[in-house]
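Each chain is listed here by its residues.
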Amino acid sequence: MTIYDKIKTAMGELDEDEVIKLVNEALESSGASDALTACQEGLNIVGDRFTEGEYFVSDLIFAGDVMGQVVGILKPALAAGGGPGTAAKVILCTVKGDLHDIGKNIVKSLLEASSFEVIDLGIDVTPENIVAAAKEHDAKIIALSGVLTLAIDAMKDTVEALKKEGLREQVKVIIGGAPVSAEVAELVGCDAWSLVPQEGVKICLEWSK
Ligand code: B12
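Residues numbered from 1 in each chain as written. Predicted model: local features only at pLDDT ≥ 70, side-chain atom pairs only at ≥ 80, totals over all residues. Heavy atoms only, no water.

Colleague: Help me understand the site of the ligand in this model?
Modeller: Close to the ligand lie 33 residues, the nearest being Leu99, His100, Asp101, Ser145 and Thr149. One nitrogen or oxygen atom from the main chain of Gly97 is found 3.0 Å from a nitrogen atom belonging to the ligand. Contacts to the ligand include Gly177, whose backbone N or O atom sits 3.5 Å from an oxygen atom. No other element matches the six residues that helix H3 (residues 32–51) contributes to the shell around the ligand. (Near = heavy atom within 4 Å. Polar contact = N/O pair within 3.5 Å; in protein donor to acceptor, adjacent residues only side chain to side chain. Helix = DSSP H or I, 4+ residues; strand = E, 2+ residues; numbered from the N terminus.)

Given below as structure tokens:
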């Protein structure tokens, strides 16, 4: 069993001590990205067990806590070599109805490592508040995160709200999070999508040139 398989299994089992120990080991030996992916795969196991009724909401909360610790450990390595840097502003949030913020926070760290000024609106943010923030900060990039299926509608509503306010041509919108795909991106009407934060940052860097 590779260390990554071990991390995935330990996360799936919600074995906090083992996850933290293995993630530290992985960080020393090789890649932070692979350790992050292994943890995400472990979280998929947690999610499946929740769906099957074996785990409960309290287990999701605990999984979120363990993942938060993992992100804290991996953050410096993930953010290292963040790229050339830019001073552009990015409005970032988890969309309306969705309280999941671990993925959003990873994206934030990586954007900041590339010197973006991130205006983090937090979680459960309405399209109206996103539009208001884009106006207030004169931001040209909006990054939306969402993990629940219902986040897709909220992302679509946000793009519609930007159109309604006549802002759509002036801002670029990127979306990410578990339910996002090419089809979802088309439905939402955004400019780009990614499940990989590093890739998302690259796209934002292109836009800010
Ligand atoms: C931890 C967790 C929670 C925690 C969240 C804590 C927190 N602070 O975020 C808590 C306990 C709050 C929670 C609550 C709920 N949850 Co929950 N939760 C999870 C779990 C186990 C992990 C989510 C996670 O953090 N993943 C790790 C992060 C790093 O991944 P990520 O968000 O996808 O982000 C990555 C990429 O997508 C990308 N990315 C993300 N955003 C963006 C944005 C941009 C711009 C870019 C470029 C990239 C990008 O970068 C990240 C790093 O690679 C998942 C299971 C799973 N399979 O993931 C269920 C899961 C998401 N939850 C689920 C459910 C059902 C719920 C609840 C409804 C449970 C309940 N009955 O109350 C509530 C909903 C609350 C709400 N309104 O949001 C379902 C969702 C089903 C669905 N399809 O809609 C899942 C899939 C579990 C399942 N299989 O049933 N949950």
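Past the structure itself, the notes keep going.
Colleague: It is not clear to me how the coordination of the cobalt atom of the ligand should be interpreted in this structure. Could you clarify?
Modeller: Perfect tetrahedral coordination of a metal by four donors corresponds to 109.5 degrees between them, and perfect octahedral coordination by six donors corresponds to 90 or 180 degrees. Among protein atoms, the single one acting as a donor to the cobalt atom of the ligand is His100 (NE2), 2.3 Å away. Mapped onto the elements, His100 comes out in the loop between strand S1 (89–94) and helix H5 (102–113). (Donors = N, O, S within 2.8 Å, 3.2 Å for Na, K, Ca; no water.)

Colleague: What am I meant to see in the pattern of salt bridges here?
Modeller: Side chains carrying opposite charge are able to pair once their charged atoms draw close together. This structure, assessed with the given rule, holds nine salt bridges. In this structure, the salt-bridge partner of Lys21 is Glu18, at a minimum N-O distance of 3.7 Å. With Lys21 and Glu18 both in helix H2 (residues 16–29) and three residues apart, the pair spans about one turn of that helix. Where Lys163 meets Glu160, a salt bridge forms, and the shortest distance between an N and an O atom there is 3.8 Å. Of the two residues, Lys163 and Glu160 both sit in helix H7 (residues 151–164), three residues apart, roughly one turn of that helix. The exposure class assigned to Glu160 is partly exposed, which follows from its relative accessible area of 37%. (Salt bridge = Lys/Arg side-chain N within 4 Å of Asp/Glu carboxyl O. Buried < 20%, exposed > 50% of the residue type's maximum accessible area, 1.4 Å probe, protein only.)

Colleague: Would you mind going over H7 with me for this structure?
Modeller: Owing to its 3.6 residues per turn, the α-helix aligns residues three or four sequence positions apart on the same side. Between its first and last C-alpha, H7 extends 20 Å over 14 residues, near the 20 Å set by a 1.5 Å rise per residue. Buried within H7 are the following residues: Ala151, Ile152, Ala154, Met155, Thr158, Val159, Ala161 and Leu162. Considering only its buried residues, H7 is in contact with helix H6 (127–137), strand S3 (141–145), strand S4 (172–176) and helix H8 (182–188). Gly166 sits one or two residues past H7 and shows a positive phi near 70°. (Expected span 1.5 Å × (residues − 1). Contact = heavy atoms within 4.5 Å.)

Colleague: Which parts of the structure should I look at to understand the environment of Ala143?
Modeller: Its place among the elements puts Ala143 in strand S3. Once residues lying within four places of it in the same chain are set aside, the contact partners of Ala143 are Val90, Ile91, Leu92, Cys93 and Ile174.

Colleague: Explain the sheet that holds strand S2 (residues 117–120) to me, please; I cannot follow it from the model alone.
Modeller: In any sheet, the strands associate via hydrogen bonds between backbone groups, in a parallel or an antiparallel arrangement. One open sheet accounts for five strands, arranged S2-S1-S3-S4-S5; its pairing is parallel. Taken across any chain shown, the strands that pair with only one partner, and hence form the sheet edges, are S2 and strand S5 (192–193). When S1 meets S2, the two strands line up parallel, connected through four bridges. In the sheet register, Ile91 faces S2, and the bridge partner there is Ile119. (Pairing = 2+ DSSP bridges.)

Colleague: Even after reading the chapter, I still don't get the pairing of S3, so can you show me in this structure?
Modeller: Strand residues, when the strand is regular, have side chains that alternate between the two faces of the sheet. Counting buried residues along S3, five of its five residues qualify, which places the element largely inside the surrounding structure. Here S3 shows no split at all, with Ile141, Ala143 and Ser145 on one side and Ile142 and Leu144 on the other all buried. Summarising the sheet, S1 and S3 pair through five bridges and their orientation is parallel. Across the sheet, the residue bridging to Val90 is Ile141, located in S3. Looking at chain direction, S3 and S4 are connected through five bridges and run parallel. Counterpart to Ser145 in the pairing with S4 is Gly176. You can see the chain leave S3, run along H7 and come back into S4, and the turn it takes is right-handed. (Right-handed = clockwise from strand over helix to strand, strands pointing away.)

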